Amino acid sequence: PPHALRRYFIHIAVLLFAAIIWAETVTDLKNSPLGTALLLLSILTGATVMAMLFKGQAWCRYVCPLGKVIGAGATMSMIELRATPDLCRSCDTTACKKGRPGLRGCPVYLGAHNIKNSLDCLLCGRCVLLCERESPRLLLRNPFVELLAIKGRDLTCTFIIPFLAGSQWARFIVEDAKYQSLIPPLFGPPALSFSLLLIFCFAVFLGIITFGNRLLGMRRSSLPIHCSPMIPVLTPLAFSGELIYRLKYLLSEAGNFPTVLTRQFGLTIEHFSFVIPASAISLLEILILALGCLGSFYVIALFRQKQSESGQTGFCRSLQILVSSVAIVYFLLIG
Ligand code: SF4
Ligand code: SF4
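Read on for an overview of the structure. For clarity, every value in this text was computed on a predicted model and none was experimentally measured.

## Notes on a nonpolar patch on the surface
Taken together, the side chains of Met 78, Ile 79, Leu 123, Leu 138 and Leu 140 make up a nonpolar region of the molecular surface, amounting to roughly 510 Å² of accessible area. Within the secondary structure layout, Ile 79 lies in strand S1 (residues 79-82).

Written as structure tokens, this is what we have:
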């Protein structure tokens, strides 16, 4: 796609992601096979239309909201695929990107030599097959270093992280029995009350990021959340929150899966059903959230180390207190 268009695609992707989260909650999508099928059909339609208009899997690379979230999560991956610059310097084929006769190139038209971060690479390994110089390598890494390198500069993370975290708070609150008995009668239809709650929680996270910027001594910019170190700090917490939200439903329903699967083949094998105890699921949730908190504090420590190496000041205990407060709210909401 033309470069001018690409800038708008990221905003479209974030809006689509917001629409999916909103629709998922107000239509109870996870309990609706028809709704889930319609969502998948819409994604397929979007991908087909984009494939007809542009080459290089433009949908996956620029617009797919789920791909953007997965890409943002991949910035915390323990592995990365990277080319060896010395081997690529004199390469005139760039087969990793364009392919070779009879072999298609990189599915997202990126190529190993262009990988700067893990946001766009699908880690499919195709470039390993295509490169004749054995340049692309799969490497182990510190999962938080890339967060530090991107430092909130990437627009995907800039918008996705506060929305992801804010929407989790809204989704956890909306599933609470007290909310269900108190709020909808006050604010009318559930869709309206959830929309207001979603906007409120998103605004709370924007406020947290702006406040964190002040604690870090950052000057105001036209877009306060862009380039904010608070984005990488909050990323581990945001993804652990999402994992908890998804796992809770998956694990509580996992025991029915064998029965549902066998039913598709006309069999009724009820005795294959099992139940994962709620206490085990709760324990797992606490563990995941604790890991997310550790990740966020580790990113703060990395920033602090980097700043003290360059003689800068700005990090303070207040930032740790701020992130601890966010973590406590998460613990209260999942409890
Ligand atoms: S990864 Fe291989 S094919 Fe791609 S630019 Fe480097 S040397 Fe060339
Ligand atoms: S791993 Fe796959 S997506 Fe990533 S650069 Fe290589 S071919 Fe492209």
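## Some remarks on the packing of aromatic side chains
Going through the model one piece at a time under the given rule, you end up with eight aromatic pairs. Here the aromatic rings of Phe 9 and Phe 54 are separated by 6.2 Å at their centres, their planes lie at 70°, and the arrangement is edge-to-face. A residue pair is termed long-range when its members are at least 10 positions apart, and Phe 9 in helix H1 (residues 3-26) and Phe 54 in the loop between helix H2 (33-53) and helix H3 (58-63) qualify at 45 residues. The pair formed by Phe 9 and Phe 54 is uniform in burial state, with each residue classed as buried. Where Phe 9 meets Tyr 62, the ring centres are 6.1 Å apart and the plane angle is 35°; that geometry is what we call tilted. Of this pair, Phe 9 sits in helix H1 while Tyr 62 sits in helix H3, placing them 53 residues apart in sequence. Relative accessible area serves as the criterion here: at 13%, Tyr 62 is assigned to the buried category. Ring-pair connections join several aromatic residues into one group, and the members of that group are Phe 9, Phe 54 and Tyr 62.

## Notes on the environment of Ser 240
Mapped onto the elements, Ser 240 comes out in helix H12 (residues 230-254). Sequence spacing of Ser 240 and Leu 289 is 49 residues, and the spatial spacing of their C-alpha atoms is 5.6 Å. For Ser 240, the side chain forms a polar contact with the main-chain oxygen of Leu 237, separated by 2.9 Å.

## Re the site of ligand 2
Taken together, 13 residues lie near ligand 2, and Cys 106, Cys 121, Leu 122, Cys 124 and Cys 127 sit nearest. Of the residues belonging to the shell around ligand 2, the class tally is ten nonpolar, two polar and one charged.

## Describing the state of the cysteines
For the coordinates displayed, the defined rule picks out zero disulfides. With no disulfide of its own, Cys 64 has Cys 60 as its nearest cysteine by sulfur position, at a separation of 6.3 Å. For Cys 64, a relative accessible area of 11% corresponds to the buried category.

## With respect to the packing of helix H11 (residues 190-215) against H12
Direction vectors running N to C along H11 and H12 enclose 130°, while the axes themselves pass 10 Å from each other. Classified by the angle their axes make, H11 and H12 are oblique. Handedness of the H11/H12 crossing: right-handed. Touching Phe 205, Ile 208, Ile 209, Gly 212 and Asn 213 of H11 are Met 230, Ile 231 and Leu 234, all from H12. Classifying every residue of the contact of H11 with H12 by side-chain character gives six nonpolar, two polar and no charged.

## Examining the site of ligand 1
Residues in close proximity to ligand 1 include Leu 87, Cys 88, Cys 91, Ala 95, Cys 96, Ala 112, His 113, Cys 131, Arg 133, Ser 135 and Pro 136, which together make up its full environment. Contributing elements (two or more residues each) for the shell around ligand 1: helix H5 (85-88) and helix H6 (95-98). In terms of residue class, the shell around ligand 1 is built from eight nonpolar, two polar and one charged.

## What about H11?
Relative to the 38 Å expected for 26 residues at 1.5 Å per residue, H11 spans 37 Å between its end C-alpha atoms, a close match to the ideal helical length. Looking at H11, one finds that the buried residues are Ser 193, Phe 194, Ser 195, Leu 197, Leu 198, Cys 201, Phe 205, Ile 208, Ile 209, Gly 212, Asn 213 and Leu 215. Positioned one or two residues after H11, Gly 217 has a phi angle of 75°, which is positive.

Thresholds, definitions, all that
Residues numbered from 1 in each chain as written. Chains lettered and ligands numbered in written order. Predicted model: local features only at pLDDT ≥ 70, side-chain atom pairs only at ≥ 80, totals over all residues. Heavy atoms only, no water. Patch = residues over 30% accessible without salt bridge, like charges linked within 9 Å, V, L, I, M, F, W, Y side chains within 5 Å. Areas by Shrake-Rupley, 256 points an atom, 1.4 Å probe, with all protein chains shown as cover. Salt bridge = Lys/Arg side-chain N within 4 Å of Asp/Glu carboxyl O. Helix = DSSP H or I, 4+ residues; strand = E, 2+ residues; numbered from the N terminus. Phe/Tyr/Trp six-rings, centres within 6.5 Å; stacked < 30°, edge-to-face > 60°. Buried < 20%, exposed > 50% of the residue type's maximum accessible area, 1.4 Å probe, protein only. Polar contact = N/O pair within 3.5 Å; in protein donor to acceptor, adjacent residues only side chain to side chain. Near = heavy atom within 4 Å. Nonpolar A, V, L, I, M, F, W, Y, C, P; charged D, E, K, R; others polar. Disulfide = S-S within 2.5 Å. Axes fitted to C-alpha atoms, helices over the stretch in contact; angles between N-to-C directions. Parallel < 35°, antiparallel > 145°, perpendicular 65-115°, else oblique. Left-handed = near helix turned anticlockwise from the far one by under 90°. Contact = heavy atoms within 4.5 Å. Expected span 1.5 Å × (residues − 1).

Honestly, it's all geometry; don't read function into it.
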